[in-house]
Amino acid sequence: MKKYVVVALAVLGMASCSEKKFHVEGSITNAKDSVLYLENISLMGPEVIDSVRLDADGKFSLAGAAQQAPEFYRLRIYDQIISLSIDSTETVTVNAAYPQMASQYEVSGSENCSKIKELALRQMQLQQRAIAVGRNADLTVNQVNDSVLAMIRQYKDEVKRQYIFPDPSKPYAYFALFQALGNTLIFNPRSDADDIKVFAAVATSWDTYWPDAERGKNLHNIAIEGMKNVRTIEAEQAKTIDASKIQTAGVIEIALNDNQGKLRKLTDLKGQVVLLDFHVFAQKESPARILALRELYNKYHAKGFEIYQVSLDGDEHFWKQQTAALPWISVRVDENSSSFLTIYNIQTLPEFFLIDRGNNLVSRSQQISDIDKSIQSLL
C-alpha cells in the first residue's frame, strides 16, 4: 500500500485574485497626523500593503488584493496593533481610539476578526497575570514558575475547547496556534506531543478546505518536525517495534472510543484475525483505500477477520461523517491519547499490522507483499 507522511498534512498555498479587493475601514480617533498601516503578516514577516495619514476625525479606508485562502493582517500605529483575518473580498470595520487601540477597539463584518479580538484580549490578560506573579516578592522562583505554567495549561485547555477543536478550519484557530507569552509560543510545536496534535488538527482541516494555501505547508512542516522530535525523545523511554525484527509478539493494547462513543479495546478481539490500520480520512487517497479495505472485509469477515482502524484526523465531526457507514471498528486518536503511536513506531501513513487469533502481532506492512495471502494464512 502506498505511503504518505504521518498526519497527512498536505501542501497549502496562497494565490491572489488579481482584480478582487478586500477593504478595512472605520476610524482611529486621537491620532491626527499619525500614519495607519495595513500590513500582511506573511510567513516571511510583516509587509505593508496600504497606509493612510489620519485626519482629525480619524476615518480611514484601506484595501488589499483578495486571496484564495484566509490570510492574516494587522492595523498598526507605532507599536499599537489590531490583528485581523481576511477571507476573500469581505469588508471589515474597525473603530478605536489611540493610544489604547490594541486593547480597546470594536470590529464588525467578520466572525474571524471578532474571535481574534477575543483571543488577543485573553492573551493580554494572561501576560498581565504572569507579570504580576513574577513581581510577587513573596513567591520563590519555583513557585513563580509553577504558577505561570499552571496559567498556561489552563489557557491552552480553554483555547482548545472554545476556539480550536470545535472547528480547526477557522482562521482564528490558526491564529491561536501562534499566540505567544513574551517571545515564547504558548502552544509548543517542537516537543509537546499534545500541542503538536493541535497543530496537526488545524493543518489537516486547512488541507481539506484550502489545498493550495502556503500556510498549510508551513503547518505541515511544523507538525512533522515536532513529531520527529517527540519520537526521538520517547524512543529512549519506550521500546519501539522494529519492522525488521517483528516475528511474533503479544499485541500492545489500544483502547479508544469508537464513532458511537463506545470504548473499544484491541485485546478484546482475541480469537479473530485483525488488521490494525492507521489512517487519515482527510487524505485525497483515502476513498480508494477504504474501498480496498471493504473488499478485504467483505471477503474474510465471516471467516473471523476484523479491522480495527485508528484515525489520526484532527476534525472529530469530519471523522464521524466519514466512518458512519463503515462496518468495522473505527476509533480516533484524540488530544489525550497518542503514546501508542510511538510504541508502534508509526512514522508514515497509512500504516497497518496483522494480528493473529492469539492476539499476537505477526507482521507490519513492510513485511507483507500479498495482503490476501497473509490474511488467509492466519484464518
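For the structure itself, consult the block above.
Cut-offs applied
- Residues numbered from 1 in each chain as written.
- Predicted model: local features only at pLDDT ≥ 70, side-chain atom pairs only at ≥ 80, totals over all residues.
- Heavy atoms only, no water.
- 1 Å grid on protein atoms, 1.4 Å probe; cavity = no way out; pocket = protein on both sides within 12 Å on 5 of 7 lines; lining within 4 Å.
- Points joined across faces, edges and corners; volume = space filled by probe spheres on them.
- Helix = DSSP H or I, 4+ residues; strand = E, 2+ residues; numbered from the N terminus.
- Nonpolar A, V, L, I, M, F, W, Y, C, P; charged D, E, K, R; others polar.
- Pairing = 2+ DSSP bridges.
- Axes fitted to C-alpha atoms, helices over the stretch in contact; angles between N-to-C directions.
- Buried < 20%, exposed > 50% of the residue type's maximum accessible area, 1.4 Å probe, protein only.
- Phe/Tyr/Trp six-rings, centres within 6.5 Å; stacked < 30°, edge-to-face > 60°.
- Arc of directions from axis to C-beta.
- Polar contact = N/O pair within 3.5 Å; in protein donor to acceptor, adjacent residues only side chain to side chain.
- Salt bridge = Lys/Arg side-chain N within 4 Å of Asp/Glu carboxyl O.
- Contact = heavy atoms within 4.5 Å.

**Focus on empty space enclosed by the protein**
Applying the stated criterion across every chain yields a total of two cavities of 30 Å³ or more. Size it by volume and the second largest cavity reaches roughly 60 Å³. As for the second largest cavity, its lining consists of Thr 204, Ser 205, Thr 208, Tyr 209, Ala 282, Asp 313, Asp 315 and Phe 318. A total of four residues in the lining of the second largest cavity trace back to one element, the largest contributor, which is helix 4 (residues 193–209). Counted by class, the lining of the second largest cavity contains three nonpolar, three polar and two charged residues.

**Concerning the sheet that holds strand 6 (residues 71–77)**
On the basis of which strands lie adjacent, the open sheet formed by four strands has the order 4-3-6-7 and antiparallel pairing. Looking at strand neighbours, the two that pair on one side only are strand 4 (45–53) and strand 7 (80–86), the edges of this open sheet. Each neighbouring strand pair of the sheet contributes to a mean axis angle of 25°, computed without reference to strand direction. In terms of strand pairing, strand 3 (residues 35–42) meets strand 4 through eight bridges, oriented antiparallel.

**As for the pairing of strand 7**
Among the seven residues that make up strand 7, five are buried, leaving the element largely enclosed by the rest of the structure. In this structure, strand 6 lies alongside strand 7, joined through seven bridges in antiparallel fashion. Considered in strand 7, the bridge of Tyr 73 is made with Leu 84. The hairpin turn running from strand 6 into strand 7, its antiparallel successor, is two residues long, and Tyr 78 in that turn takes a positive phi close to 55°.

**Observations concerning the packing of aromatic side chains**
By the definition in use, this model includes twelve aromatic pairs. An angle of 85° between the planes, with centres 5.5 Å apart, marks the rings of Phe 178 and Phe 199 as edge-to-face. In this pair, Phe 178 sits in the loop between helix 3 (171–177) and strand 10 (180–181) while Phe 199 sits in helix 4, placing the two residues 21 residues apart along the sequence. Taken together, Phe 72, Tyr 174, Phe 178, Phe 199, Trp 206, Tyr 209 and Trp 210 form an aromatic cluster joined through their ring pairs.

**Observations regarding helix 9 (residues 371–378)**
Turning to helix 9, its buried residues number three or more, namely Ile 371, Ser 374 and Ile 375. Viewed end-on, helix 9 has its buried residues packed into an arc of 95°, placing them on one side of the element. Seen from the buried face of helix 9, the exposed residues on the opposite side, beyond 90 degrees, are Lys 373 and Ser 377. Measuring from the backbone nitrogen of Asp 372 back to the side-chain oxygen at the start of helix 9 gives 3.1 Å, which picks out Asp 370 as the cap.

**Some points on unusual backbone geometry**
Across residues other than glycine, the phi torsion is negative in most instances, and most of the peptide bonds are trans. The amide bond that connects Tyr 98 to the next residue, Pro 99, takes the cis arrangement and shows omega of 10°. Within the fold, Pro 99 resides in the loop between strand 8 (91–97) and strand 9 (105–108). For Asn 30, which is not glycine, the phi torsion reads 60° and is therefore positive. Looking at where Asn 30 falls in the secondary structure, it is placed in the loop between strand 2 (16–29) and strand 3. The class for Asn 30 is exposed, based on a relative accessible area of 60%. Positive phi values are uncommon outside glycine, yet Ser 88 reaches one of about 70°.

**A short note on the pattern of salt bridges**
A side chain with one charge may pair with a side chain of the opposite charge, provided their charged atoms come close. A full pass over the atoms with the stated rule returns 15 salt bridges. The partner of Asp 258 in a salt bridge is Arg 264, with the nearest N and O atoms 3.2 Å apart. According to the relative accessible area criterion, Asp 258 is buried, its value standing at 8%. In this structure, a network of salt bridges that share partners links the residues Glu 39, Arg 74 and Arg 76.

**Quick notes on the environment of Leu 177**
Structurally, Leu 177 is set in helix 3. Separated by twelve residues in the primary sequence, Leu 177 and Pro 189 place their C-alpha atoms 8.9 Å from one another. Once residues lying within four places of it in the same chain are set aside, the contact partners of Leu 177 are Ile 164, Leu 185, Phe 187, Val 198, Phe 199, Val 202 and Leu 219.

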